[in-house]
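Each chain is listed here by its residues.
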Amino acid sequence: MIEDREAMEAALAQASLAGESGEVPIGAVVVHEGAIIAEGQNRVLRDLDPTAHAEVVALRAAATALGNYRLNGCTLYATLEPCAMCAGAMIHARLDRLVFAAADPKAGAAGSVLAVLNHPQLNHQMQVEQGTLAEESSELLRSFFRERRSS
């Protein structure tokens, strides 16, 4: 049975790989029945796909792994608070739970900028937790953008 910290470490590993590929270092994993069934990292530049955020990549892989686009019983771990697009995808997937590391004060849709998740008028609610390995995630993002600005 995987613990939250271990799952977030796996998401951070995906984020690091994204950063090494020149993408914004954001990673995600999906856990079902205590095991990681899917992982994702930002791929927007490599795939020339504006929807290829880490969370969406992980959701697609999880749906394939389970043979169902409904991801009941799944938890998604993301290194950054999801944007509105990713939050909407999570709602449609019927995730049970989202755990994210760092808040995103510029585009976060789990309360920082927008409150897409668990909006009272939407037809699906999920448990949302934040802060697991937040400092590690934030530092990965800060160092990535610091390097980019100095280049």
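Residues numbered from 1 in each chain as written. Predicted model: local features only at pLDDT ≥ 70, side-chain atom pairs only at ≥ 80, totals over all residues. Heavy atoms only, no water.

**Student:** Sorry, what's going on with the overall build of the chain here?
**Tutor:** Within the chain one finds 5 helices and 5 strands. If you list the helices and strands of the chain from N to C, you get α-β-β-α-α-β-α-β-β-α. Here the C-alpha radius of gyration of the chain, 14 Å, is about what a compact globule of 151 residues would show, namely 15 Å. Reported as C-alpha extents along the three principal axes, the dimensions of the chain are approximately 45 × 30 × 30 Å. Evaluated residue by residue, the chain yields a buried proportion of 44% over its 151 residues. A total accessible area of about 7,500 Å² is found for the chain, and carbon and sulfur atoms account for 53% of it. Charge-centre separation for the chain: the mean point of 12 positive side chains lies 7 Å from the mean point of 19 negative side chains. (Helix = DSSP H or I, 4+ residues; strand = E, 2+ residues; numbered from the N terminus. Rg over C-alpha atoms; globule rule 2.2 N^0.38 Å. Buried < 20%, exposed > 50% of the residue type's maximum accessible area, 1.4 Å probe, protein only. Areas by Shrake-Rupley, 256 points an atom, 1.4 Å probe, with all protein chains shown as cover. Lys, Arg positive; Asp, Glu negative; His and termini not counted. Charge placed at Lys NZ, Arg CZ, Asp CG, Glu CD.)

**Student:** Can you walk me through the packing of helix α3 (residues 54-66) against helix α4 (residues 84-93) in this structure?
**Tutor:** Each pair of packed helices can be summarised by the angle the axes make with each other and by the distance between the axes. Direction vectors running N to C along α3 and α4 enclose 20°, while the axes themselves pass 9 Å from each other. Relative to α4, the element α3 lies roughly parallel. Handedness of the α3/α4 crossing: left-handed. Contacts between α3 and α4 involve E55, V56 and L59 from the former and M85, C86, A89, M90 and A93 from the latter. Split by residue class, the contact of α3 with α4 holds 7 nonpolar, no polar and 1 charged. (Axes fitted to C-alpha atoms, helices over the stretch in contact; angles between N-to-C directions. Parallel < 35°, antiparallel > 145°, perpendicular 65-115°, else oblique. Left-handed = near helix turned anticlockwise from the far one by under 90°. Contact = heavy atoms within 4.5 Å. Nonpolar A, V, L, I, M, F, W, Y, C, P; charged D, E, K, R; others polar.)

**Student:** What exactly am I supposed to notice about the side chain of N42 here?
**Tutor:** One can find N42 in the loop between β2 (35-41) and α2 (44-47). Apart from residues no more than four positions distant in its own chain, N42 is found in contact with A18, E23, V24, I26, A52, H53 and A54.

**Student:** Before we go on, may I ask you to explain the layout of surface pockets in this structure?
**Tutor:** A water-sized probe rolled over the atoms picks out the places where empty space is left. Here the largest pocket defines a volume of roughly 320 Å³. Along its surface, the largest pocket is lined by V24, I26, L80, A102, A103, D104, P105, K106, S138, L141, R142 and F145. For the lining of the largest pocket, the element with the most residues is helix α5 (residues 134-150), which contributes 4 residues. The class makeup of the residues in the lining of the largest pocket is 8 nonpolar, 1 polar and 3 charged. (1 Å grid on protein atoms, 1.4 Å probe; cavity = no way out; pocket = protein on both sides within 12 Å on 5 of 7 lines; lining within 4 Å. Points joined across faces, edges and corners; volume = space filled by probe spheres on them.)

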